[in-house]
Amino acid sequence: MLPVGKYTVYVVPKNSKLKYHQKTVTIRNGKTQELMVDKFYSRNALFGLNITATPKNARIRVMNIKPKYRYGMKLPHRNDGYDIEISRRGYKTIREVVYLNSENQHFHYN
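My aim in this report is to walk through the structure given alongside it, one point at a time.

Procedures and definitions
Residues numbered from 1 in each chain as written. Predicted model: local features only at pLDDT ≥ 70, side-chain atom pairs only at ≥ 80, totals over all residues. Heavy atoms only, no water. Helix = DSSP H or I, 4+ residues; strand = E, 2+ residues; numbered from the N terminus. Buried < 20%, exposed > 50% of the residue type's maximum accessible area, 1.4 Å probe, protein only. Contact = heavy atoms within 4.5 Å. Areas by Shrake-Rupley, 256 points an atom, 1.4 Å probe, with all protein chains shown as cover. Pairing = 2+ DSSP bridges. Axes fitted to C-alpha atoms, helices over the stretch in contact; angles between N-to-C directions. Polar contact = N/O pair within 3.5 Å; in protein donor to acceptor, adjacent residues only side chain to side chain.

This part takes up the overall build of the chain. The helix and strand tally for the chain stands at zero helices and eight strands. Each helix (α) and strand (β) of the chain, taken in turn from the N terminus, gives the series β-β-β-β-β-β-β-β. When the 110 residues of the chain are sorted by exposure, 30% land in the buried category. The long-range fraction of contacts in the chain, counting pairs at least 24 apart against all pairs at least 6 apart in sequence, stands at 43%. When the accessible area of the chain is evaluated, it comes to approximately 8,300 Å², of which 50% is carbon and sulfur surface.

In space, the three strands of this open sheet follow the order β5-β3-β8, with mixed pairing throughout. With one partner strand each, in any of the chains shown, β5 (73-76) and β8 (106-109) form the two edges of the open sheet. Shown here is a sheet whose adjacent strand axes are inclined to one another by a mean of 35°, direction ignored.

A few words now on the sheet that holds strand β4 (residues 59-62). Pairing between the strands of a sheet comes from backbone hydrogen bonds, and it takes one of two forms, parallel or antiparallel. Read across the open sheet, the three strands follow the order β4-β6-β7; overall the sheet is antiparallel. Looking at strand neighbours, the two that pair on one side only are β4 and β7 (94-98), the edges of this open sheet. In this sheet, neighbouring strand axes are inclined to one another by 20° on average, regardless of whether the strands run parallel or antiparallel. Of the pairings in the sheet, the one linking β4 to strand β6 (residues 82-87) comprises four bridges and is antiparallel in character. Within the sheet, the bridge partner assigned to R61 lies in β6 and is E85.

The next subject is the pairing of β7. Taken together, the five bridges between β6 and β7 define a ladder with antiparallel strand orientation. Within β7, the residue paired with E85 across the bridge is R95. Where β6 hands over to β7, the hairpin turn is made up of six residues, of which G90 adopts a positive phi near 90°.

Time to look at the side chain of D83. With respect to the helices, strands and loops of the structure, D83 is situated in strand β6. Residue class for D83 comes out buried when judged on its relative accessible area of 16%. A polar contact is formed between the side chain of D83 and the side chain of R95, at a distance of 2.6 Å. For D83, the contacting residues outside a window of four places in its chain are R61, V62, M63, N64, R95, E96 and V97.

Function-wise, these values are silent; they only describe arrangement.
Here you go:
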């Protein structure tokens, strides 16, 4: 059993073409800590980001990358996700973090 404290845990796949995962875990006195890790994805795996919004002419931006958003743009999986902003004059602005992977590639906002 580890002493109380903060630890950085690295989970490394056997296949060197896959990304490792890094998590911070805090061990508290007398507590067990379950560690969940994301699926492993190839370092060069890209997923299409597809966002549809109502109204159709809403402005869609990905705030934490430099390229401008375009429907179907290919992006790698990120553990911290993609910060999406959807706005249109006269409507409430939506800001959300989305996570791309083999199951999540299409997002719709009203």
